[in-house]
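In case you want the letters, here they are:
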Amino acid sequence: MKNDLRQYREARDLSQADLAAAVGVSRQTINAIERERYDPSLERAFKLAAYLDCRVEELFDPRLNGTGQAPESFETTARTSRRR
Amino acid sequence: MTEPTTAERETVARRNQYREWMGRSIGVGLAGLFAAIGAWLFVVRSDVVLLAGLALYYLGFVGYLLVWGLTSVALFDERERRIENEAGGIVATATTIVVVFGVPGDVVLETTGLVAVPDAVHGAIYGYFLLVVGYLVVYGYVSRRYS
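Residues numbered from 1 in each chain as written. Chains lettered and ligands numbered in written order. Predicted model: local features only at pLDDT ≥ 70, side-chain atom pairs only at ≥ 80, totals over all residues.

**Details of the overall build of chain B**
No. 1: Assigned secondary structure in chain B consists of four helices and zero strands.
No. 2: The N-to-C order of helical and strand elements in chain B reads α-α-α-α.
No. 3: Viewed in the frame of its principal axes, chain B has a C-alpha envelope of about 70 × 55 × 25 Å.
No. 4: Counting only residues that meet the buried cut, chain B has 7% of its 147 residues in that class.
No. 5: The long-range share in chain B, meaning contacts at least 24 apart out of those at least 6 apart in sequence, stands at 67%. (Helix = DSSP H or I, 4+ residues; strand = E, 2+ residues; numbered from the N terminus. Buried ≥ 20, exposed ≤ 12 C-beta atoms within 10 Å, placed from the backbone. Contact = placed C-beta atoms within 7 Å.)

This is the structure we're talking about:
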């Protein structure tokens, strides 16, 4: 998943090791997330966002891989099916 | 920036500490075994030396398992656990494929006498078969915990 973790981390002058220790993972895990090779668990994503003082959706791009579009909300889906 | 909880930092510190102990334990065991083999080859050709090396080797791994089994700290983080799961899944799939094709093939070839399957291949196929049975039993046990 696309994310801005590196930008948020560097803006706060943190090393990967600092961030890793703060959220309870290894430095390699932070590196893998930044390189978009690994998507963290929901719990870890919230911990990262809380530590970096931002919202999860600011840190992680909700657009689905490959489609370039955000997933439809329940409301949108319901409205579309009502019109049919 | 929100301050991280002390618990998170402590968990990481303890994880690193325990993993270091585990690594050292295996290191001592392996070093003991190789030292004993070296001593047996070049110094004293006594069975006791080899047995002592083997005992050290086993103790090293027992130490590893003791730390792994007794600690409440997660020794591997979520990415490492996912790597383990994926690697284990690939091995399980490959083993199952060998069994699915190998066991009936072995039985038919043996029965018809078309090909004499070597004992080593025969043994390996049934070894894999037992692994798959074990995997299915453990899978059933684990899946019950999540049902």
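Back to the text.
**Quick word on helix H1 (residues 6–42) of chain B**
At 3.6 residues per turn, the α-helix brings residues three or four places apart onto the same side.
No. 1: Compared with an ideal rise of 1.5 Å per residue, which puts 37 residues at 54 Å, H1 of chain B spans 53 Å between its outermost C-alpha atoms and is within 8% of the ideal.
No. 2: Buried positions along H1 of chain B lie against helix H2 (16–23) of chain A together with helix H2 (47–70) of chain B. (Expected span 1.5 Å × (residues − 1).)

**What about the interface of chain A and chain B?**
No. 1: Listed by partner, the interface residues are 17 residues for chain A and 10 residues for chain B.
No. 2: Sorting the residues of the side of chain A that touches chain B by element identifies H2, helix H3 (27–34) and helix H4 (42–51) of chain A as the ones contributing at least two each.

**Looking at the domain arrangement of chain B**
No. 1: The domain boundaries assigned to chain B delineate domain 1 (6–70) and domain 2 (78–145).
No. 2: A straight line from the C-alpha centre of domain 1 of chain B to that of domain 2 of chain B covers 31 Å. (Domains from an automatic or database assignment.)

**So, the nonpolar core**
In summary, soluble globular proteins display a tendency toward joint burial of nonpolar side chains.
All names here are of chain A.
No. 1: Core analysis: the biggest nonpolar cluster contains 17 residues, and Ala20, Val23, Leu48, Leu52 and Leu59 have the highest contact counts within it.
No. 2: Of all the secondary-structure elements, those providing two or more residues to this core are helix H1 (5–11), H2, H3 and H4.
No. 3: Among the elements that make up this core, the one with the highest residue count is H2 (five residues). (Core = buried A, V, L, I, M, F, W, Y, C linked by C-beta atoms within 7 Å.)

**A word on the packing of H1 of chain B against H2 of chain B**
Residue and element names in this part refer to chain B.
No. 1: One way to put it is that H1 packs onto H2 with a least axis distance of 7 Å and a crossing angle of 170°. As the angle between them shows, H1 and H2 are arranged roughly antiparallel.
No. 2: Looking at the contact of H1 with H2 residue by residue, the class counts come to 23 nonpolar, six polar and no charged. (Axes fitted to C-alpha atoms, helices over the stretch in contact; angles between N-to-C directions. Parallel < 35°, antiparallel > 145°, perpendicular 65-115°, else oblique. Nonpolar A, V, L, I, M, F, W, Y, C, P; charged D, E, K, R; others polar.)

**Comments concerning unusual backbone geometry**
All names here are of chain A.
No. 1: The phi dihedral of Asp13 falls on the positive side, at around 55°, and the residue is not glycine.
No. 2: Its place among the elements puts Asp13 in the loop between H1 and H2.
No. 3: In this structure Asp13 comes out as exposed when scored by C-beta crowding, with 8 C-beta atoms within 10 Å.
No. 4: Its identity as a non-glycine residue notwithstanding, Glu36 has a phi of 60°, on the positive side.
No. 5: Within the secondary structure layout, Glu36 lies in the loop between H3 and H4.

**Some thoughts on the packing of helix H3 (residues 78–112) of chain B against helix H4 (residues 119–145) of chain B**
All names here are of chain B.
No. 1: The contact between H3 and H4 brings their axes to 9 Å, and the two run at 130°. Taken together, H3 and H4 sit at an angle that is classed as oblique. Viewed along their axes, H3 and H4 form a crossing whose handedness is left-handed. For the pair formed by H3 and H4, the contact residues are Ala92, Thr95, Thr96, Val98, Val99, Gly102, Val103 and Asp106 on the first element and His122, Ile125, Tyr128, Phe129, Leu131, Val132 and Tyr135 on the second. (Left-handed = near helix turned anticlockwise from the far one by under 90°.)

**What to know about the confidence of the model for chain B**
All names here are of chain B.
No. 1: Residues of chain B with pLDDT of at least 70 account for 97%, and the chain-wide mean is 92.
No. 2: Of all secondary-structure elements in chain B, the lowest mean pLDDT belongs to H1, at 92, while H2 reaches the highest, 95.
No. 3: We note a pTM of 0.76 for the whole complex and an ipTM of 0.75 for its interfaces. (pLDDT = per-residue confidence, 0-100.)

**Observations concerning H3 of chain A**
No. 1: Listed as buried for H3 of chain A are Thr29, Ile30 and Ile33 of chain A. Each buried residue of H3 of chain A lies within a common arc of 100° when the element is viewed along its axis, so the set occupies one face.
No. 2: Among the structural elements, H1 and H2 of chain A together with H3 of chain B are those in contact with the buried residues of H3 of chain A. (Arc of directions from axis to C-beta.)

**With respect to the environment of Gln28 of chain A**
No. 1: Locating Gln28 of chain A in the fold gives a position in helix H3.
No. 2: Distance from Gln28 of chain A to Ala11 of chain A, taken between C-alpha atoms, is 20 Å for residues 17 residues apart in sequence.

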